[in-house]
Structure formats: structure tokens, C-alpha cells
Protein chains: 2
Amino acid sequence: MKRENTTIYDIASEVGVSIATVSRVLRGETNVSPATREKVQQAMDRFNYRPSSIARGLTSKITHSLGIILPKLLNPHYAMIFTGAQEEARKLGYTISLFPWSSLDTNAYNPAAMLIERRLDGLIVCVEYLPPEHDERVLAALRTLREYMPVVLIGCVPPWYDFPAVANNNAAMMRSIMEYLTKMGHEKIAFIGGAQEDKDPLCRDVGYEEGLRAARLPYTASYRIYGKGTAEAGKASMDEMLDSLKQEYWPTAIIALNDLVAMGCLQSAREHGIAVPEQMSVIGCDDLFCAPYLYPPLTSINTHQQRVGARAVQLLISGEYKQETVEWELMERASCAPITKKREE
Amino acid sequence: MKRENTTIYDIASEVGVSIATVSRVLRGETNVSPATREKVQQAMDRFNYRPSSIARGLTSKITHSLGIILPKLLNPHYAMIFTGAQEEARKLGYTISLFPWSSLDTNAYNPAAMLIERRLDGLIVCVEYLPPEHDERVLAALRTLREYMPVVLIGCVPPWYDFPAVANNNAAMMRSIMEYLTKMGHEKIAFIGGAQEDKDPLCRDVGYEEGLRAARLPYTASYRIYGKGTAEAGKASMDEMLDSLKQEYWPTAIIALNDLVAMGCLQSAREHGIAVPEQMSVIGCDDLFCAPYLYPPLTSINTHQQRVGARAVQLLISGEYKQETVEWELMERASCAPITKKREE
DNA sequence: TCTTATAATGTAAGCGCTAACATAAACATC
DNA sequence: GATGTTTATGTTAGCGCTTACATTATAAGA
């Protein structure tokens, strides 16, 4: 193992040129005579020469490596973001590595030692579902990190964060779903959301409320539930809502924060003997791979998270300062139906 | 942005010692007087000094970065492996980055240029579900890579691969599932498997056949299906099997290669009007997060993929040469039931 | 007190590249 | 043919560390 790596010197002495010339063909500079270039190229091939990205990074200050901070990859939502980012990074010749949330949430003057030591060329941070109490500390950590490397944010980015960012327009998305449901005749529509109250004006619950207003429907506190954004939490929230409400007040449609929550809702509905979509429509968000295989197949919104990840990488590398939005797509499946069906029964 | 990074020289001149001494406290060497160590430490804190892992890597030849090659992260099975590996790597002070399968499957003398240029300290390669025709080329690529860095394999590793490895004992796992099902009275048990025929003696289908023999059940070719290991493929395989068989020959139990396939089977059963588990039991493998939320909740095997990933990292870093196995756990849920139920109807 | 082992620190040579600068060769220009 | 330009190549000083080796200060042994 670990054969002695050939260096730029080996190539240079083999061809009989200086290392600068070898470096020039390595970097694709134009001011090298075709003949020399060819000879160097061939020697490189012959020796199976691979320049050390470490050494290149040390001198050029460009490491061609990026970082991404995500809550957890086990949630397919984040796996999609990561995949999108990874593929784009690779295309552009970059390597990307994952850092956990804890990298940000550190004490005092030690934010993300590892992050800084790596001399990354850029960092993507997903700030979705930020617990409000952490908000300030996280923002401070982000500002510190920015002194060392460009930072692009993704997810549910509050507008007062002065960072380039790419996200879905969650509010608009939710408004359009509300329209979808109200057009189907639904009037009792519940929203089973994420952790935070209303600190974040970009979040999905805002669109829910706007949709309510647009349809001239009353806001009903017991239809707006907060949870943890997981399947377990979704089920618990739904259980609690159903159990605390008389059956006649049960909503006829549920908007789940994401597909995970929707899975929990479906389960809860099943256990309460509620037929979906006949008695109750359920709509999720993110369009996870399993959505079509749930029972009933879950109507969901494809939020193109891979594109979010890819775009973030592009912004990072191009250095543009933008706050961008990625489009979404409604995936109609069997879990939503017009209200009329219900009346027939 | 990009404040000028403080270097070992800054610290040295601040404290009034040589850079060697600073380097010594950086590396935690013991032969430094407590007084000097303290002074250096404080200067480092004061300057918020972070050593450049790039420079350290260049001299020490240890980059503290690993690579992992996985088919695709969107499949939660691989996301679990990655997560396990990532967390373990981080604990040990390593960074890990993902490389796509295409890194291996390259032409001639250019296997994974990026992989080698990065001067990784080690590489994990997941060789699961290897299409047989690629087998040789992949093995060759692995052997080449091994000249540059330690390699540990995970997944379904053929025994003739002379690499350290960690995997599930798929054959034993399947045998035990077969026992589980036969004890429930099932005799017509189908296996909906992965892509390859029988090239790999460790794979799950081997256990299936052994289980058949152990229970003195006949081998029925039409019960052993090959597919692509995805939900779509699972559904297609199952559809095909059911449609080609008279109803009386329909299996009473299905073993799916993984939960993805099982999801497809569940769907297919539903469309064929088969009640699960009353008329047909279905068992998956991998225990994905969505398994409990399928209908019916899917009985599956938790194969502890995170542990697989973590163990692989440990082997890589410790340098041990071992071929290890990770235990599994049956997660009983509602999709499997004794055959007796069926007769009652 | 003088050696000799030991602990603490310093010196300097790389690691494998990049990049600024210097030089040499080739070509125009008048 | 002398001079200025352009093009191709060489020289060299880092980048920010580690590490072998040298040196000095300190303690121990005779």
C-alpha cells in the first residue's frame, strides 16, 4: 500500500523541463508550447501522476472542498438536499462533506473548530426549523464563520438573515395548497406544523393563514397544531386533535408540514376509523419516495430539494449574492378528494 | 471575509518561543514545560488560532479525511450507512466525503482521479448488488485504489474479495426468517430478490434456499424472482408473479429483498385484492423509517446499517484486517401472520 | 566538581505544489 | 543590425505546518 506518490519533480526531470512548466500544463495555462505540453502530458500519463490537492490547496488557498451543515441525513428531505449538493459539487470539481448541527451550536469563541481548520472554500447551512431560542446564537455563529469562508443558507431562511440563500417559497406554496383544497369544497382545514410558533415569516404556517383569509374561512385555533415534524409527532398531534374535538368538528382536510407528519396523520386517521380520502383528505409536503406507496398514496408537493442543494453550491462557487427561490410541483395522488364525496355517504 | 489566518509563526513570536514549540503543544507532545505550554495555549486562544489541516496534511501525510463510495444516498439504506460512518468519523476527528459509484467504474488507468488527488486516509466502498458483469472491473479498480489508501468494504462482499469488510450475515438472516415463516405454517414462500443471479454466495437469496431445504420445502422456480431492488421493481415483480400464477398457487408469504421492494409488494397485493397479512404475509428488510407507517405496518429486519458504517470507519482507522459481521433484529409488526388465520376464512 | 543522562527548546529542511519574477529564445519593427 | 515585444521556460520564495537533528539548560551520578 501507499506507493510513493510521484510528484511534479518526477515529471519535470523525466521530461527535462522545470517544475514550473509541469505546473503550467497541470493548470492548463496557455503559454506552453504544444510540443512541451504534449511531452509533459504523456509523462504524466505514463507515471499515472495525480497532483496532490493538499499541496495545491496550501499554496493556492483553494481547497476545492465545501461543507454542508444539515440536521440529519436520515430524514430523506435532507438526504435529497445533500445529494443535490454533492452531485453539483462533484461536477464542478469540488468535494463536499457533511457537518452536524452541533458544529454551529458551540460555546464562546470556538465555533466549529473543525470547519475552520479544514479551510473550506464554502459552507452551506440549512437553517430549517430553527428553535427560536437558538436563533441568536446560530446567527452569531454564522457571522463568525462568514469571516472564514463564504456561507450560503438553505431552507426556511428568515429575511433578516443577511446571507445569500436558496429556499422554497413556503408561504406561496401553502397558499396554493389552500386554494387547491378550498376549491375542492373543504372548509375545515387543519394544519399540522413544525416546532416553532410564528417567529419565521417564511414558514409554511404563514401561507396556511393567508390561504384561510383568501378563502374567507375563519381561523380555528384547534386546527392549527404544532409538533416536531416527525412521523411520531405527526401521529401524536393528530391523535390529540381528533380526541379533543367532537366528531362533527373534525377537519375534512389535513395539511401536514411534511410527508413524515402526513404518514403519522394517515396512521392516526386509520386508527380512528376515518377513511382517507372519503372522509378526510390528507396532503403532505416533500414528496418522499414512499409517498406513492402509503395507503392511500399520498398527495404531496415535490419541493425539488435536490435542486435547492445544487443551487446552493452554484451560488457558493460563483460568489453571487442572491436570495433565491426554487419552484415546487403538486403531485396529485389518492389522499385528497373533493368534499362532495363525503356528503354522498 | 477571509481574514488573514493566524499561523504558527504568529503564536510563536507572540509568546517568544520557536515554532517547533508551538507545534509541540499543538500536537500534545509531553516534552514541553508546563509554563510554556500554558503561555502558548493562551496565545492560541487569544488569537483564535486554528491550525491549517491542509498544511498539517502536507507534511504529516495524514489528511484526516476519508471517502465513502455508495450507490445513492436517496435510498435510506445507504443514508443510514453514511450517517453511521459520518458520525464515527467525526468522533475520531475525521471528515468523510461521499463519492459516487462512477468513481470506480472508470476506464483504463484513471480510476478515481479525484479520489487519489485528495490523498484520503482511507476509503469505504459499498459493493452491494454488484452487477456481475462489472465485478471484475470493480475488483481491479479496488486493487488499484488500495495501492494509494486503505480500503474497507461494506455490504454484500463476496468472500473472494481480499479486503477487510463489514456486512450483515445475509444468509443466516434469511435462514432465520425462513424459519420464522415456516413456523407460522407457511409453505408457499416467495422471495423477491435483487438483480444478480447467484454469483454472490453471501447474498440473501442463498439463505432463502437454505431455509427451504431446512424446512424440507420444494424449491419452486416461480417463487424466486429477481428484480432491481426498488419499490417500482418490487411491484412489477410481484404483479408478474401473481398474474402468471393461478390463484391457488399464489404464495402465502413474501420475503422482499428490502423494504423498498416490500412496499411495492404491498401495493401489488392491494391491487390484486389480497389482504395482508390475512391472505398473505409480507416481510421486508432494513427497517426503514417508513416501515411502521405502511399499511399494514411492515414486519422487517433491522440490519443496523449505521453500525455497519461506523464499524467500517473504525476498521479503516485502526488498520485491522478483519471481515466482520453485524447482528440484526427482527421487528415484528402487522404484515406477517400465521397461516391458520387464512384457513378460517 | 566534572561527567553524563534527561528534559526543554531551537534550527532548518522539507512536504508538493503555486506564482511572482527573471531569463532566454523567437519574432517584429524601423 | 540594434531595439523592442512577445512567447516559452526557468528560478526561487513561499504556503503553514512536521520532524529529524542540534543545542542548551537542568538534574543526577560518581
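So, how was this worked out
- Residues numbered from 1 in each chain as written.
- Chains lettered and ligands numbered in written order.
- Predicted model: local features only at pLDDT ≥ 70, side-chain atom pairs only at ≥ 80, totals over all residues.
- Heavy atoms only, no water.
- Least-squares fit on C-alpha atoms with pLDDT ≥ 70 in both.
- Contact = heavy atoms within 4.5 Å.
- Helix = DSSP H or I, 4+ residues; strand = E, 2+ residues; numbered from the N terminus.
- Buried < 20%, exposed > 50% of the residue type's maximum accessible area, 1.4 Å probe, protein only.
- Polar contact = N/O pair within 3.5 Å; in protein donor to acceptor, adjacent residues only side chain to side chain.
- Pairing = 2+ DSSP bridges.
- Axes fitted to C-alpha atoms, helices over the stretch in contact; angles between N-to-C directions.
- 1 Å grid on protein atoms, 1.4 Å probe; cavity = no way out; pocket = protein on both sides within 12 Å on 5 of 7 lines; lining within 4 Å.
- Points joined across faces, edges and corners; volume = space filled by probe spheres on them.
- Nonpolar A, V, L, I, M, F, W, Y, C, P; charged D, E, K, R; others polar.
- Buried area = accessible area lost by both parts, 1.4 Å probe.
- Near = heavy atom within 4 Å.
- pLDDT = per-residue confidence, 0-100.
- Phe/Tyr/Trp six-rings, centres within 6.5 Å; stacked < 30°, edge-to-face > 60°.
- Lys NZ or Arg CZ within 6 Å of the ring centre and 35° of its normal.
- Salt bridge = Lys/Arg side-chain N within 4 Å of Asp/Glu carboxyl O.

## A few points about the relation of the copies chain B and chain A
Here's step 1: Mapping chain B onto chain A leaves a residual RMSD of 0.1 Å; the transformation is a rotation of 180 degrees accompanied by 0.0 Å of translation along its axis. Such a combination of turn and shift is consistent with a two-fold rotation axis. For chain B, the smallest separation between a C-alpha atom and the rotation axis is recorded for Ser 97 of chain B, amounting to 2.4 Å.
Here's step 2: Here 100% of the contact residues of chain B are again contact residues in chain A; the copies associate through an equivalent surface.

## Observations concerning the side chain of Thr 230 of chain B
Residues and elements named next belong to chain B.
Here's step 1: The topology assignment puts Thr 230 in the loop between β7 (224-225) and α10 (231-244).
Here's step 2: Since its relative accessible area comes to 18%, Thr 230 is described here as buried.
Here's step 3: Within polar-contact distance, the side chain of Thr 230 engages the backbone nitrogen of Ala 233 at 3.1 Å.
Here's step 4: If sequence neighbours within four positions are ignored, Thr 230 has contacts with Leu 260 and Val 261.

## Regarding the sheet that holds strand β6 (residues 189-192) of chain B
Residue and element names in this part refer to chain B.
Here's step 1: Spatial strand order, β7-β6-β8-β9: four strands in an open sheet with parallel pairing. A strand with exactly one partner marks an edge of an open sheet, and here the two such strands are β7 and β9 (281-283).
Here's step 2: Sheet topology places strand β8 (residues 253-256) next to β9; three bridges connect them, and they run parallel. Within β9, the residue paired with Ile 255 across the bridge is Ile 283.
Here's step 3: Lying on the sheet, helix α8 (residues 170-183) is in contact with β6, β8 and β9; it crosses β8 at an angle near 165 degrees.

## Thoughts on the layout of surface pockets
Here's step 1: Put simply, the largest pocket is a space of about 1,100 Å³.
Here's step 2: Looking at the largest pocket, it is lined by 39 residues, and the ones nearest its centre are Arg 119 of chain A together with Pro 51, Ser 52, Ser 53 and Ala 55 of chain B.
Here's step 3: When contributions to the lining of the largest pocket are tallied by element, the ones reaching two or more residues are α4 (53-60) and α6 (113-117) of chain A together with α1 (8-15), α2 (19-27) and α4 (53-60) of chain B.
Here's step 4: Residue contributions to the lining of the largest pocket peak at six residues, all from α4 of chain B.
Here's step 5: For the lining of the largest pocket, the class distribution of residues is 14 nonpolar, 13 polar and 12 charged.

## Some points on empty space enclosed by the protein
Here's step 1: Across all of its chains, the model carries 10 cavities of 30 Å³ or more by this definition.
Here's step 2: Size it by volume and the largest cavity reaches roughly 220 Å³.
Here's step 3: Lining the largest cavity are 17 residues; nearest its centre among them are Ile 54, Ser 65 and Arg 118 of chain A together with Ser 65 and Arg 118 of chain B.
Here's step 4: Partitioned by chemical class, the residues of the lining of the largest cavity number five nonpolar, 10 polar and two charged.

## Focus: the interface of chain B and chain A
Here's step 1: Taken residue by residue, the interface counts 64 residues in chain B and 64 residues in chain A.
Here's step 2: Both sides together, the interface formed by chain B and chain A hides about 6,200 Å², and carbon and sulfur atoms give 57% of it.
Here's step 3: For the pair chain B and chain A, the interface holds 14 residue pairs in polar contact (both at pLDDT 80 or more).
Here's step 4: Looking at the side of chain B that touches chain A, the elements that each hand over two or more residues are α4, α5 (76-91), β2 (95-100), α6 (113-117), α10 and α11 (259-271) of chain B.

## Regarding the environment of Arg 37 of chain A
Residues and elements named next belong to chain A.
Here's step 1: With respect to the helices and strands, the residue Arg 37 is situated in helix α3 (residues 34-47).
Here's step 2: Here Arg 37 falls in the partly exposed class, since its relative accessible area comes to 24%.
Here's step 3: Discounting residues that sit within four places of it in the chain, Arg 37 has contacts with Val 25, Glu 29, Thr 30 and Val 32.

## Examining the protein's contact with DNA strand C
Here's step 1: In the neighbourhood of DNA strand C, 27 residues make up the surrounding shell, with Ser 23 of chain A together with Ser 18, Arg 24, Thr 36 and Thr 59 of chain B lying closest.
Here's step 2: Counting only the atoms of DNA strand C that lie within 4 Å of the protein, the sugar and phosphate share comes to 64%.
Here's step 3: Between DNA strand C and Arg 24 of chain B there is a distance of 2.6 Å, counted from a base oxygen to a side-chain nitrogen or oxygen.
Here's step 4: Within the backbone of Ser 33 of chain B, one N or O atom sits 2.8 Å away from a phosphate oxygen of DNA strand C.

## Quick word on the confidence of the model for chain A
Here's step 1: The pLDDT averaged across chain A works out to 89; a share of 90% of its residues lies at or above 70.
Here's step 2: Under a pLDDT of 50 for its full length, residues 341-345 of chain A has, in the predicted model, five contacts with residues more than four places off or in other chains.

## Observations concerning the sheet that holds strand β9 (residues 281-283) of chain A
Hydrogen bonds between backbone atoms are what pair the strands of a sheet, whose relative direction is either parallel or antiparallel.
Residue and element names in this part refer to chain A.
Here's step 1: On the basis of which strands lie adjacent, the open sheet formed by four strands has the order β7-β6-β8-β9 and parallel pairing. The sheet is open, and its two borders are formed by β7 (224-225) and β9, each paired with just one other strand.
Here's step 2: Both strand β6 (residues 189-192) and β7 contribute to a ladder of two bridges, which runs parallel. If you follow Phe 191 over to β7, its bridge partner there is Arg 224.

## Section: the packing of aromatic side chains
Here's step 1: The final tally for this structure, using the stated rule, is five aromatic pairs over all chains.
Here's step 2: Ring geometry for Phe 289 of chain A against Phe 289 of chain B: centres 6.1 Å apart, planes inclined by 90 degrees, an arrangement best described as edge-to-face. Placement of the pair is Phe 289 of chain A in the loop between β9 and β10 (300-302) and Phe 289 of chain B in the loop between β9 and β10 (300-302), with the two residues belonging to separate chains.
Here's step 3: Residue placement shows Arg 146 of chain A over the ring face of Phe 163 of chain A; its charged tip is 3.9 Å from the ring centre.

## Looking at the protein's contact with DNA strand D
Here's step 1: Taken together, 29 residues form the shell around DNA strand D, and within it Ser 18, Arg 24, Thr 36 and Thr 59 of chain A together with Ser 23 of chain B come nearest.
Here's step 2: Sugar and phosphate atoms form 62% of the subset of DNA strand D atoms that lie within 4 Å of the protein.
Here's step 3: Contacts to DNA strand D include Ser 52 of chain B, whose backbone N or O atom sits 3.4 Å from a phosphate oxygen.
Here's step 4: At 3.0 Å from a sugar or linking oxygen of DNA strand D is found a side-chain nitrogen or oxygen belonging to Thr 59 of chain B.
Here's step 5: Where the surface near DNA strand D is concerned, the elements lending two or more residues are α2 (19-26) and α4 of chain A together with α1, α2 and α4 of chain B.
Here's step 6: The biggest single contributor to the surface near DNA strand D is α4 of chain B, with five residues.
Here's step 7: Residue composition of the surface near DNA strand D, by class: 13 nonpolar, 12 polar and four charged.

## A look at the pattern of salt bridges
Residue and element names in this part refer to chain A.
Here's step 1: Within the structure shown, the criterion is met by 32 salt bridges over all chains.
Here's step 2: Note that Lys 235 and Glu 271 form a salt bridge whose closest N and O atoms lie 3.1 Å from each other. With Lys 235 in helix α10 (residues 231-244) and Glu 271 in helix α11 (residues 259-271), the pair connects residues that are 36 residues apart, well separated along the chain.
Here's step 3: Residues participating in the shared-partner salt-bridge network are Arg 311, Glu 320, Lys 322 and Glu 324.

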